[in-house]
Amino acid sequence: MDIKIAASILNADANNLEKEISSVSASADWIHVDVMDNHFVPNLSFGINVLESLAQKKQKPLDAHLMIEDPDNWAPKFVEAGADSVTFHYEAAKDSKKLIKELHAMKSRVGLAIKPKTPLSDVKEFLSDIDVLLVMTVEPGFGGQSFMSEMLEKVKEARSIINNEKLTMWVQVDGGVGLKTIELASQAGADFLVVGSAAFSAQDPGKAMKELRELAVKGSIN
Ligand code: DX5
Ligand code: ZN
């Protein structure tokens with residue numbers, strides 16, 4: 001399993017995003033941008049303009065995580081804005097199949113996210129069509145929450161489907177991924193790990209990210 005790390009800038013210093021991103025760029029492969037609308041989740045965050053601005057000075061590929069209603073309408077606009085991968089929530093989409101096709105036609109990678117209460121069986125039919133399955137390991141909406149270890153079963157289940165059906169999608173986990181949990185997540189079969197406060201709240205984000213990557217790689221080979 002080839003480990004990919006995405007740095008979530010939700011809790012980074014918004015006044016210094018460029019610098020914050022540079023500080024972790026040696027150990028992060030992607031920048032994860034959380035988009036929230038105060039409808040799908042009880043919080044507001046970045047919109048299209050932030051994504052556009054990050055895309056103009058792109059240091060790493062951009063992974064947009066849309067926690068919004070009506071992704072059917074909005075997700076393509078994030079590809080236009082410069083996202084390299086767009087993940088929308090299955091629970092919010094009217095027609096996931098159609099949206100996956102549309103985003104692929106725009107040459108974006110496509111992710112499908114499920115909240116903790118949504119079983120994997122709900123999205124089984126889409127797994128051969130997507131590039132990323134995002135298993136949420138907290139209730140979406142806020143950074144700095146505790147990792148829900150019950151979700152590791154879902155990760156294991158996804159990994160065994162990938163192995164049995166020879167699928168190519170990545171399994172992403174997002175929420176509460178830190179020094180105590182990252183190795184468990186990669187051991188369970190997650191190969192795309194989103195790290196927010198565990199890096200950006202650390203004294204030295206670059207050093208924290210490096211340690212986190214080492215632990216993730218360790219988990220992936222055990
Ligand atoms: C939560 C967001 C996450 C969040 C992760 O809804 O989707 O990407 O930023 O932050 P941490 O790593 O602090 O849990
Ligand atoms: Zn996220």
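Everything numeric in this text was worked out from a predicted model, so none of it was measured.

1. Structural notes on the overall build of the protein chain
Here's step 1: The number of helices and strands found in the protein chain is eight helices and eight strands.
Here's step 2: Computed over its C-alpha atoms, the radius of gyration of the protein chain comes to 16 Å, within 12% of the 17 Å expected for a compact globule of 222 residues.
Here's step 3: Taken over the C-alpha atoms alone, the protein chain extends approximately 45 × 40 × 30 Å along its principal axes.
Here's step 4: A buried classification covers 55% of the 222 residues belonging to the protein chain.

2. Some details on the layout of surface pockets
Here's step 1: Each pocket or cavity is described by its volume, and for the largest pocket that value is around 330 Å³.
Here's step 2: Lining the largest pocket are 27 residues, with G143, G144, G175, G176 and S197 positioned closest to its centre.
Here's step 3: At the level of elements, β2 (30-36), β3 (62-67), β8 (192-195) and α7 (197-200) are the ones that each hand at least two residues to the lining of the largest pocket.
Here's step 4: In terms of residue class, the lining of the largest pocket is built from 12 nonpolar, 13 polar and two charged.
Here's step 5: Of the pockets and cavities examined, the second largest pocket occupies roughly 150 Å³.
Here's step 6: Taken together, L17, E18, I21, V50, S53, L54, K57 and Q59 make up the lining of the second largest pocket.
Here's step 7: Those elements that provide at least two residues to the lining of the second largest pocket are α1 (17-24) and α2 (48-56).

3. Notes on helix α4 (residues 96-105)
Here's step 1: Those residues of α4 that fall on the buried side of the exposure criterion are S96, L99, I100 and L103. Along α4, the residues classed as buried sweep out an arc of 105 degrees about the axis, all on the same side. In α4, the exposed positions angled more than 90 degrees off the buried face are occupied by K98, K101 and A105.
Here's step 2: Buried residues along α4 sit against α3 (71-81), β4 (85-89) and β5 (109-114).

Rules and cut-offs
- Residues numbered from 1 in each chain as written.
- Chains lettered and ligands numbered in written order.
- Predicted model: local features only at pLDDT ≥ 70, side-chain atom pairs only at ≥ 80, totals over all residues.
- Heavy atoms only, no water.
- Helix = DSSP H or I, 4+ residues; strand = E, 2+ residues; numbered from the N terminus.
- Rg over C-alpha atoms; globule rule 2.2 N^0.38 Å.
- Buried < 20%, exposed > 50% of the residue type's maximum accessible area, 1.4 Å probe, protein only.
- 1 Å grid on protein atoms, 1.4 Å probe; cavity = no way out; pocket = protein on both sides within 12 Å on 5 of 7 lines; lining within 4 Å.
- Points joined across faces, edges and corners; volume = space filled by probe spheres on them.
- Nonpolar A, V, L, I, M, F, W, Y, C, P; charged D, E, K, R; others polar.
- Arc of directions from axis to C-beta.
- Contact = heavy atoms within 4.5 Å.

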